[in-house]
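# Descriptive structure summary
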Amino acid sequence: MKKIIVLTLAILCINLFSINICYAEMVMYNTKTHKYHQIWCRWAAKCTVNCIKIDKKEAIKRGGIPCKVCGG
Ligand SMILES: [Zn+2]
């Protein structure tokens, strides 16, 4: 079940302001709170100090917690 969710997120494409954005598995990872966001998440946009753009697998490896808004 978990694998299916990950796979779905991996191929997620969204249409934002008429631009198709496809991010394979890159997330914005907050090194302080350990929460990770999808790149398009409004909370990711607000996170500028402690956030780094890393692979989702890497975020999970570091003990990342998926964001409740975007689902990580
Ligand atoms: Zn988020």
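Residues numbered from 1 in each chain as written. Predicted model: local features only at pLDDT ≥ 70, side-chain atom pairs only at ≥ 80, totals over all residues.

### Topic: the confidence of the model for the protein
Here the protein averages 82 in pLDDT, and 71% of its residues register 70 or above. Averaged pLDDT values for the elements of the protein fall to 53 in helix 1 (residues 2-10) and rise to 96 in strand 6 (residues 65-66). (pLDDT = per-residue confidence, 0-100. Helix = DSSP H or I, 4+ residues; strand = E, 2+ residues; numbered from the N terminus.)

### Observations regarding unusual backbone geometry
Even without being glycine, His34 reaches a positive phi, approximately 65°. Residue placement: His34 occurs in the loop between strand 3 (26-30) and strand 4 (35-38).

### Thoughts on the pairing of strand 4
Of the strand pairs in this sheet, strand 3 and strand 4 are connected by three bridges, and their pairing is antiparallel. The partner of Met28 across the bridge, within strand 4, is His37. Sheet topology places strand 4 next to strand 6; two bridges connect them, and they run parallel. Directly across from Tyr36, in strand 6, lies its bridge partner Pro66. (Pairing = 2+ DSSP bridges.)

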